[in-house]
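Residue-level structure breakdown
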Amino acid sequence: MANHKSALKRIRANEAKRLRNRYQAKTTRTFIKRLKASTDKVEASELYKKVSSMLDKLAKKNVIHKNNANNKKSRLAKFVATLG
């Protein structure tokens, strides 16, 4: 167990950040699933904008690696392009 006041605060802060990161990552995964399930191109392109933004934010905050975010965005863009 931590002995310093600052270490105890750091533990609390890290836990709060961990929960926030998990929530944001899970929400992004849910939107990705929703995008993959869509069949309408207009709806999919709107969702793609939102998902792309969410992935960029996760990468910026180092929740996921930036290359991981770019790969996901690329695959999703290809998917949206194939919709007719």
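Residues numbered from 1 in each chain as written. Predicted model: local features only at pLDDT ≥ 70, side-chain atom pairs only at ≥ 80, totals over all residues. Heavy atoms only, no water.

1. Considering the environment of Lys17
Considering the arrangement of structural elements, one finds Lys17 in helix H1 (residues 5-37). Residue Lys17 is classed as partly exposed on the basis of its relative accessible area, which comes to 42%. In the structure, Lys17 is positioned 35 residues away from Ser52 in sequence and 22 Å away in space, judged by C-alpha atoms. (Helix = DSSP H or I, 4+ residues; strand = E, 2+ residues; numbered from the N terminus. Buried < 20%, exposed > 50% of the residue type's maximum accessible area, 1.4 Å probe, protein only.)

2. Observations regarding the packing of H1 against helix H3 (residues 66-82)
Between H1 and H3, whose axes approach to 10 Å, the crossing angle comes to 25°. Regarding the angle of H1 to H3, the classification is roughly parallel. As H1 runs across H3, the sense of the crossing is left-handed. Counted together, Ile32, Leu35 and Lys36 of H1 and Lys72, Leu76, Phe79 and Val80 of H3 form the full contact between these two elements. For the contact of H1 with H3, the class distribution of residues is five nonpolar, no polar and two charged. (Axes fitted to C-alpha atoms, helices over the stretch in contact; angles between N-to-C directions. Parallel < 35°, antiparallel > 145°, perpendicular 65-115°, else oblique. Left-handed = near helix turned anticlockwise from the far one by under 90°. Contact = heavy atoms within 4.5 Å. Nonpolar A, V, L, I, M, F, W, Y, C, P; charged D, E, K, R; others polar.)

The values are spatial; any link to function lies outside them.
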